[in-house]
Amino acid sequence: MARPPRETGRLDEVVRTCIGCRQRADKTNLVRVVAVQESTTSVVTPDPRGTLPGRGAHLHPTHRCLDLATRRKAFGRALRIEGPLDLSAVVALMEESGPTA
Ligand SMILES: [Zn+2]
């Protein structure tokens, strides 16, 4: 039913959980996002290089995972923020990368 587990056998691989589909994936397959506070809105900002400070969340750069994460309000939970979120930068990133799944 589920995908067969992949044995990597390596402890130094960095695995993160996608906040959209909740699948664990190698960090390099996910995009990191951080919340940048701007007055009353938290702007969810893609951080592909992993250089921005603060609490990050990871998701697949696909519309599906973005949609799932949005509907589950996973961004607020994962980034520990309340109030309005501006996801336009993340949406723009998905538009750029196109359907990669
Ligand atoms: Zn995902």
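Residues numbered from 1 in each chain as written. Predicted model: local features only at pLDDT ≥ 70, side-chain atom pairs only at ≥ 80, totals over all residues.

Colleague: Hey, could you run me through the overall build of the protein in this one?
Modeller: Within the protein, the secondary structure is distributed over 3 helices and 6 strands. Start at the N end of the protein and walk to the C end: the helices and strands fall as β-β-β-β-β-α-α-β-α. For the protein, the proportion of its 101 residues judged to be buried stands at 21%. (Helix = DSSP H or I, 4+ residues; strand = E, 2+ residues; numbered from the N terminus. Buried ≥ 20, exposed ≤ 12 C-beta atoms within 10 Å, placed from the backbone.)

Colleague: Looking at this model, I keep getting lost on the sheet that holds strand β4 (residues 41-46). Mind explaining?
Modeller: Ordered by their spatial adjacency, 4 strands build an open sheet running β5-β3-β4-β6, and the pairing between neighbours is mixed. Each edge of the sheet is formed by a strand with only one pairing partner; in this case those strands are β5 (56-59) and β6 (85-86). Where strand β3 (residues 31-38) meets β5, 4 bridges bridge the pair, whose relative direction is antiparallel. Looking at the pairing, Arg-32 lines up with His-58 of β5. (Pairing = 2+ DSSP bridges.)

Colleague: In this structure, what is going on with unusual backbone geometry? I would like to understand it.
Modeller: Outside of glycine, negative phi angles account for most residues, and trans bonds account for most peptide bonds. The phi dihedral of Arg-22 is positive, around 65 degrees, even though this residue is not glycine. Its location among the elements puts Arg-22 in the loop between β1 (15-17) and β2 (24-26). Its 13 C-beta neighbours within 10 Å are what place Arg-22 among the partly exposed residues.

Colleague: I keep staring at the environment of Glu-38 and nothing clicks. Help me out?
Modeller: Structurally, Glu-38 can be placed in strand β3. Separated by 48 residues in sequence, Glu-38 and Asp-86 have C-alpha atoms that sit 9.7 Å apart.

Colleague: Where do I start with the nonpolar core in this structure?
Modeller: For soluble globular proteins, the rule of thumb is that nonpolar side chains tend to be buried together. Counting 16 residues, the largest nonpolar core has Ile-19, Ala-57, Leu-59, Leu-66, Ala-69 and Phe-75 as its most contacted members. With residues near it in sequence (within four places) discarded, Ala-57 still touches Ile-19, Val-33, Phe-75, Ala-78 and Leu-79. (Core = buried A, V, L, I, M, F, W, Y, C linked by C-beta atoms within 7 Å. Contact = placed C-beta atoms within 7 Å.)

Colleague: Would you take a moment to explain the pairing of β3 for this structure?
Modeller: Working note: regular strand, side chains alternate between the two faces of the sheet. Bridge analysis of β3 against β4 gives 6 bridges, and the strand direction is antiparallel. Among the inter-strand pairings, Gln-37 is bridged to a residue of β4, identified as Ser-42. Counted along the chain from β3 to the antiparallel partner β4, the turn is 2 residues long, and its residue Ser-39 has a positive phi close to 45 degrees.

Colleague: Hey, could you run me through helix α1 (residues 63-71) in this one?
Modeller: Count 3.6 residues to each turn of an α-helix, and residues three or four apart come out pointing the same way. Taken residue by residue, α1 has Cys-65, Leu-66 and Ala-69 as its buried positions. One side of α1 carries all its buried residues, which in axial view fall inside an arc of 100 degrees. Positive phi appears at Lys-73, one or two residues downstream of α1, with a value of about 55 degrees. (Arc of directions from axis to C-beta.)

Colleague: How do you make sense of the environment of Ser-42 when you look at a structure like this?
Modeller: Mapped onto the fold, Ser-42 is located in strand β4. Along the chain, Ser-42 and Ile-81 lie 39 residues apart, while their C-alpha atoms are 7.6 Å from each other. In contact with Ser-42, other than residues within four places in its own chain, are Ala-35, Gln-37, Ile-81, Gly-83, Leu-85 and Asp-86.

Colleague: Quick question: what am I supposed to make of the environment of Pro-61 here?
Modeller: With respect to the helices and strands, Pro-61 occurs in the loop between β5 and α1. Overall, the presence of 20 C-beta atoms within 10 Å leaves Pro-61 in the buried class. The spacing of Pro-61 and Leu-93 is 32 residues in sequence and 7.6 Å in space, taken between C-alpha atoms.

Spatial relationships are all this shows, so hold off on functional conclusions.
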